[in-house]
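Residue strings, one per chain:
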Amino acid sequence: MVIAGIVAGGVGSRMVGSAVPKQFLEVDGRPILIRTAEAFFDSPDVDGIVIGVHPDWIEYLESLLQKFFGNTEKIVISAGGGSRNETIQKVLRKAEDVWGINDDALVLTHDAVRPFVSQRIIHENVEAVRKWGICNTVIPATDTIVRSADGSFITDVPARNEMYQSQTPQSFRYGLFEELCAGLSEEELETATDISGLFCRRGYRVAMVQGDITNFKITYPNDMRTAESMMTFEEHGGFTSAM
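The structure reproduced in this document is the subject of the present report.

What counts and what doesn't
Residues numbered from 1 in each chain as written. Predicted model: local features only at pLDDT ≥ 70, side-chain atom pairs only at ≥ 80, totals over all residues. Heavy atoms only, no water. Phe/Tyr/Trp six-rings, centres within 6.5 Å; stacked < 30°, edge-to-face > 60°. Buried < 20%, exposed > 50% of the residue type's maximum accessible area, 1.4 Å probe, protein only. Lys NZ or Arg CZ within 6 Å of the ring centre and 35° of its normal. Salt bridge = Lys/Arg side-chain N within 4 Å of Asp/Glu carboxyl O. Helix = DSSP H or I, 4+ residues; strand = E, 2+ residues; numbered from the N terminus. Pairing = 2+ DSSP bridges. Axes fitted to C-alpha atoms, helices over the stretch in contact; angles between N-to-C directions.

### What about the packing of aromatic side chains?
Here comes step 1: Counted by the stated rule, this structure contains 8 aromatic pairs.
Here comes step 2: Summarising the aromatic geometry, the rings of Trp57 and Tyr60 are spaced 5.6 Å apart at their centres and angled 80° between planes, so their arrangement reads as edge-to-face.
Here comes step 3: Summarising the aromatic geometry, the rings of Phe172 and Phe177 are spaced 4.8 Å apart at their centres and angled 15° between planes, so their arrangement reads as stacked.
Here comes step 4: The exposure class of Phe172 is buried, given its relative accessible area of 0%.
Here comes step 5: Among the residues examined, Phe177 registers a relative accessible area of 2% and is labelled buried.
Here comes step 6: The ring of Phe41 has Lys74 sitting right over it, with the charged end atom 5.3 Å from the ring centre.

Structure, rendered in C-alpha cells:
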C-alpha cells in the first residue's frame, strides 16, 4: 500500500499579515493545502492520504475536504504533533488505524505548502522506494553554498557540483521508519527537520529523485505571488497582463 502523509501542522509564522496558517491561504481560488492534496488524490500510485494538521484547525479542514472532495475514503485527517517528526508519527498511526498498514507499506511525506508537486515526482518516489527503501526529492544547487560554524565567518565552501537542495516528498518503507525511530532519542526526533538527514546519520543509504524548481515551498508573501503567476500560466496557457 502507498500512503501520502501531508504535513500541515504548522501555523505559518513567517507569512506576515496572515490570519490563518499559510496552508489555508488561497491560490487562484483554492487553498494551498487542497491543491497539494489534489496532486496525491489524482495519482494512480497513491492508495490513501493522511493530512496531519494542528488540532485547532481539524474542523476547518474537514469542511474544506467535504467541499472539494466530497465523501471520500481516500483522505483522512490526523491531529498534528509538537514537531514535524511527531506529526509524521501521528499520521502513520492514523494510517495504521484506518488501513492497517504494515512494514511493507510505502510512505511519501510531503509539505502541505508545496502544491506544485508533479505526477512524475510522485511516481518516481514510489518507484525509488520500491527499489531502494528510502529516497529524497532533490534539485542541484544553482548557487555556491557556503558553510559557517559561527554565523559570522565562512568555515568552508563545498564543491557546488556535490550540493543539492532538498525538497519533498521524502519517502520510505514504513518498517524502516519504525526501525529508525526506535534508535533515536526524543531530542533528535523533536529537533530534526529532515527525515532523510536522520536516515543518513544512522548509516542508511538514501536514494535521490530528481525534483523540479516548480516544486517550491510557499513560505513568504512573495512566494504567494509566484504561485499565483504559475497558476495563471498553467490555466491560461501563458502569462497575462494582469501579472
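### Observations regarding the pattern of salt bridges
Side chains that carry opposite charge are capable of pairing whenever their charged atoms lie near each other.
Here comes step 1: Scanning all chains against the criterion turns up 7 salt bridges.
Here comes step 2: Glu178 is paired through a salt bridge with Arg93; the nearest N and O atoms lie 3.4 Å apart. Here Glu178, found in helix α5 (residues 174-182), pairs with Arg93, found in helix α3 (residues 84-99); they are 85 residues apart in sequence, far enough to count as distant.
Here comes step 3: On the accessibility criterion, Arg93 (35% relative accessible area) is partly exposed.

### Remarks on the sheet that holds strand β5 (residues 75-79)
Here comes step 1: The 7 strands are arranged β5-β4-β1-β6-β8-β7-β9 in an open sheet whose pairing can be described as mixed. Edge strands, defined here as strands with exactly one partner in the open sheet, are β5 and β9 (207-210). Here the strands of the sheet are splayed against their neighbours by 30° on average, with no regard to which way each runs.
Here comes step 2: In this sheet, strand β4 (residues 48-53) lies alongside strand β1 (residues 2-8) in parallel orientation, the contact comprising 6 bridges. From the neighbouring strand, Ala4 faces β4, where its bridge partner is Ile49.

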